[in-house]
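What follows is each chain in one-letter form.
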Amino acid sequence: MMHRLRPLTHARPKILPYSTKVSKVWLRPISLAPGPGVTPDPSQQQPPEDEPERPRSSKENYSRGGGTGGGSSGATSSALSSALGTAAGILLLAGAGLVYHWTYKWDVLRKMRRAFGEGYDPVTELANAARDSKTGPVIGKIRRLEQDYIDRIINGTESGEYVLLLGPKGSGKTTLIVEAMLRNDAEGCAMVEAHEDPEVFRLRLGKALDFEYSEDSFAGLFQRRDPREAGPSLDIERAMNKLEKVAIKYRKEKGRPLVLIFNNIHYIHDDEDGHALLHMLQQRAESWSQAGVLTTIFTSDDFAPYSHLKKYASRMNVLNVTDLSPAETYAVLARQRAARFPGDPPLDPSTALAVWNLVGGRLAYLSKISRRPDMVAAAKEMIKKEKAWLLSRLSLIPEHDDDVMDEQKVSSCGFLLFHEFAKLADDAEEETKAALEQEANRLRLLPPVLGDDAPLDAYDLPNVPHENDHWIGYGDAKEIMTRADFIIDLDHHNIVTINADHEVRPDSRLMLNVFRELCSQPDFEERLATTRDRIDEIESLHRTSELTVKAAPADLGGFLRIKVGQLLKGDLESNEEGADGEEGPKREV
């Protein structure tokens, strides 16, 4: 038997105001009439219409949105809980950020302190790579007189000043510093190689100090500006600020200053930006040396950086590094030949001094020559190559065009100075030969000194004898050249060298012999005079103005009279006889 469904009557809901209390809503489900023999489920039975409403507990009333606040209090509690959760998340994120920031700054100082620690250093590792495992230190290494002072600076026993090592290329400035670092195991030292590009210099400084300029920090993700946007100068200043904190703490712990070395600062451009960078480094060097927390060492091949640093220097100590003396040259060559040619007899002092007379005591030259079987022939070959290079830079062209006049000005002024050096060397030639022969006889009477770091007191001459040291004062050199600006360019190209005492010398004895060969040519003085006369002619032509006058057809048969000076009324004449005795029209300018 089919059961019929009771139709559900949809009552229109009554709209109550917001403040009306809703006590209880009963949902009337659809009920099916039970069939015969079916017992109805009590749970499915609907409450009677006249049954009174059951009172609710306070917990049920609050859970259903009732209570004292009704619906508005429930929304407020939800908003409050959301706000509290958000604030807790923000505080947690801010706390984590502060902890990360403090940890990062602490780690920056830790890594910079580690860069000055004892042990690994890129400079010492490269120096150790050049050593031979069988022979120990580098072949031919000697201990120079300046080494004791550099050792005290590197060890931290000498403080209160900063140092500038000034000398020509290859004279041994870097070697002095590296040897001191090897003995100290690079403890408390760091070296930076200068570069002409400020960005490269910035990266090299960061590598030496183990400083990343905050480029590896996650805090940059929350910044609008890039840390590198300020430029290399401000980045270098930030690195100096961090280094100052490390130096102060290191001084308190160890009782000695740190040492920071800027090698080859002559690579920095000689312009406004380069001067600003030099002065920024010098300001730090002055303050750190005064406080005794850090000692700065600069090395330069050129005179220009010294001239700029001297302007504001009050604690700078300048050390002139020169070539080896004849006795030191013999000691170096004797050790190198004994190590490279063990089967040959000991080196004769006269051969070593002959090499010194050709190329001088430049360590870079001696290292090349000692590898050759015939050292004298190798020295003469070096002179030939250096002469060809100098002529590629400076040469005399007597009949030159005005396009190369500026180049010939530099060449002619330079050769005036070269000629003066050549005359000094020629005048002292006999004295030089006698002094070298006497020195060779003295060295033959001494026992050989072949061990590394052996004392050179008996072999060393305190100074090169005057007859072998040819120099001209800076002011005299400018008078000889007739120009004051060309001498700095010659120093920059390693043709001459200028020390802290303003003494101008040939860059090496090798360059001095090149000067002598060029100036000893038969027609040298004539070519130099002709070149300078040609320069004067071209300059005279440039200072002369030309006046071009185009004659009219009516002026044919006449002439033009040009008068220099003020034109007066009485000077004008209507007619004047021409050159052929005939009268003709006349125009005066």
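Going by the structure above, here's the rest.
Residues numbered from 1 in each chain as written. Predicted model: local features only at pLDDT ≥ 70, side-chain atom pairs only at ≥ 80, totals over all residues. Heavy atoms only, no water.

Let's talk about the sheet that holds strand 8 (residues 503-506)
For step 1, the next point in the chain: Ordered by their spatial adjacency, 3 strands build an open sheet running 6-8-7, and the pairing between neighbours is antiparallel. Lying at the two open borders of the sheet, with one neighbouring strand each, are strand 6 (472-473) and strand 7 (496-498).
For step 2, the next point in the chain: Strand direction decides the pairing type here: strand 6 and strand 8, joined by 2 bridges, are antiparallel. Bridge assignment links G473 to a residue of strand 8, and that residue is E503. (Pairing = 2+ DSSP bridges. Helix = DSSP H or I, 4+ residues; strand = E, 2+ residues; numbered from the N terminus.)

A look at the packing of aromatic side chains
For step 1, the next point in the chain: One pass over the full model with this rule turns up 10 aromatic pairs.
For step 2, the next point in the chain: Taken together, a centroid distance of 4.9 Å and an interplanar angle of 65 degrees make the contact between F211 and Y213 edge-to-face. The pair F211 / Y213 is uniform in exposure class, with both members buried.
For step 3, the next point in the chain: Taken together, a centroid distance of 5.3 Å and an interplanar angle of 70 degrees make the contact between F415 and F418 edge-to-face. (Phe/Tyr/Trp six-rings, centres within 6.5 Å; stacked < 30°, edge-to-face > 60°. Buried < 20%, exposed > 50% of the residue type's maximum accessible area, 1.4 Å probe, protein only.)

Concerning the pattern of salt bridges
For step 1, the next point in the chain: Here the structure, examined in full by the defined rule, presents 27 salt bridges.
For step 2, the next point in the chain: In this structure, R202 and D235 form a salt bridge, with 2.7 Å as the shortest nitrogen-oxygen distance. On the criterion of sequence distance, the pair formed by R202 in helix 6 (residues 198-209) and D235 in helix 7 (residues 232-254) is long-range, its members being 33 residues apart. The burial state of R202 is the same as that of D235; both residues are buried.
For step 3, the next point in the chain: Of the charged contacts in the structure, one is a salt bridge between D235 and R238, with a shortest N-O distance of 2.5 Å. Note that D235 and R238 are positioned in helix 7 at a spacing of 3 residues, about one turn of the helix. (Salt bridge = Lys/Arg side-chain N within 4 Å of Asp/Glu carboxyl O.)

Topic: a negative patch on the surface
For step 1, the next point in the chain: Negative charge collects at one region of the surface, where D270, D271, E272 and D273 lie side by side.
For step 2, the next point in the chain: Mapped onto the elements of the fold, D270 is located in the loop between strand 3 (258-263) and helix 8 (272-291). (Patch = residues over 30% accessible without salt bridge, like charges linked within 9 Å, V, L, I, M, F, W, Y side chains within 5 Å. Areas by Shrake-Rupley, 256 points an atom, 1.4 Å probe, with all protein chains shown as cover. Lys, Arg positive; Asp, Glu negative; His and termini not counted. Charge placed at Lys NZ, Arg CZ, Asp CG, Glu CD.)

Here we look at helix 11 (residues 349-359)
For step 1, the next point in the chain: Buried within helix 11 are the following residues: P349, A352, L353, V355, W356, L358 and V359.
For step 2, the next point in the chain: Tucked inside the fold, the buried residues of helix 11 contact helix 10 (326-340), helix 12 (363-369), helix 13 (375-393), helix 15 (429-444) and helix 18 (509-519). (Contact = heavy atoms within 4.5 Å.)

So, helix 6
For step 1, the next point in the chain: Counted at 1.5 Å a residue, the expected span for helix 6 with its 12 residues is 16 Å, and the 16 Å between its end C-alpha atoms agrees.
For step 2, the next point in the chain: Those residues of helix 6 that fall on the buried side of the exposure criterion are F201, R202, L205, G206, A208 and L209. Seen from one end, helix 6 has its buried residues packed into an arc of 160 degrees, which puts them on one side. Across helix 6 from its buried face, at more than 90 degrees, point the exposed residues L203 and K207. (Expected span 1.5 Å × (residues − 1). Arc of directions from axis to C-beta.)

Considering the packing of helix 3 (residues 122-129) against helix 5 (residues 173-184)
For step 1, the next point in the chain: Look at helix 3 against helix 5: their axes get within 10 Å of each other, and the N-to-C directions meet at 95 degrees. Our classification of the angle between helix 3 and helix 5 gives roughly perpendicular. Mapping the contact onto sequence places V123, T124, A127 and N128 in helix 3 and V178, M181 and L182 in helix 5.
For step 2, the next point in the chain: Taken together, the residues that form the contact of helix 3 with helix 5 break down as 5 nonpolar, 2 polar and no charged. (Axes fitted to C-alpha atoms, helices over the stretch in contact; angles between N-to-C directions. Parallel < 35°, antiparallel > 145°, perpendicular 65-115°, else oblique. Nonpolar A, V, L, I, M, F, W, Y, C, P; charged D, E, K, R; others polar.)

Quick notes on the pairing of strand 4 (residues 294-300)
For step 1, the next point in the chain: Counted residue by residue, strand 4 has 7 buried out of 7 residues, so it is predominantly covered.
For step 2, the next point in the chain: On strand 4, burial covers both faces: L294, T296, F298 and S300 on one face and T295, I297 and T299 on the other are all buried.
For step 3, the next point in the chain: Note: strand 1 (residues 162-166) against strand 4, 4 bridges, orientation parallel. Looking across to strand 4, one finds that V163 is bridged to I297.
For step 4, the next point in the chain: The β-α-β motif built from strand 3, the intervening helix 8 and the parallel element strand 4 has right-handed crossover chirality. (Right-handed = clockwise from strand over helix to strand, strands pointing away.)

Regarding unusual backbone geometry
For step 1, the next point in the chain: The residue T482 is not glycine, and still its phi comes out positive at about 65 degrees.
For step 2, the next point in the chain: Inspection of the secondary structure assignment puts T482 in the loop between helix 16 (474-481) and helix 17 (486-492).
For step 3, the next point in the chain: Phi at N494 is positive, roughly 60 degrees, even though this residue is not glycine.
For step 4, the next point in the chain: Within the element layout of this structure, N494 appears in the loop between helix 17 and strand 7.
For step 5, the next point in the chain: Judged by relative accessible area, N494 falls into the buried class, the value being 17%.

Let's talk about the environment of N513
For step 1, the next point in the chain: One can find N513 in helix 18.
For step 2, the next point in the chain: The sequence separation of N513 and G360 amounts to 153 residues, and the corresponding C-alpha distance is 9.9 Å.
For step 3, the next point in the chain: When sequence neighbours within four positions are dropped, the list of residues in contact with N513 reads N357, L358, V359 and I383.

Topic: the environment of A285
For step 1, the next point in the chain: Tracing the sequence through the fold places A285 in helix 8.
For step 2, the next point in the chain: The exposure class of A285 is buried, given its relative accessible area of 0%.
For step 3, the next point in the chain: On a C-alpha basis, the gap between A285 and M316 in space is 8.8 Å, while along the polypeptide they are 31 residues apart.
For step 4, the next point in the chain: Setting aside residues up to four positions removed in sequence, A285 forms contacts with Y162, T296 and F298.

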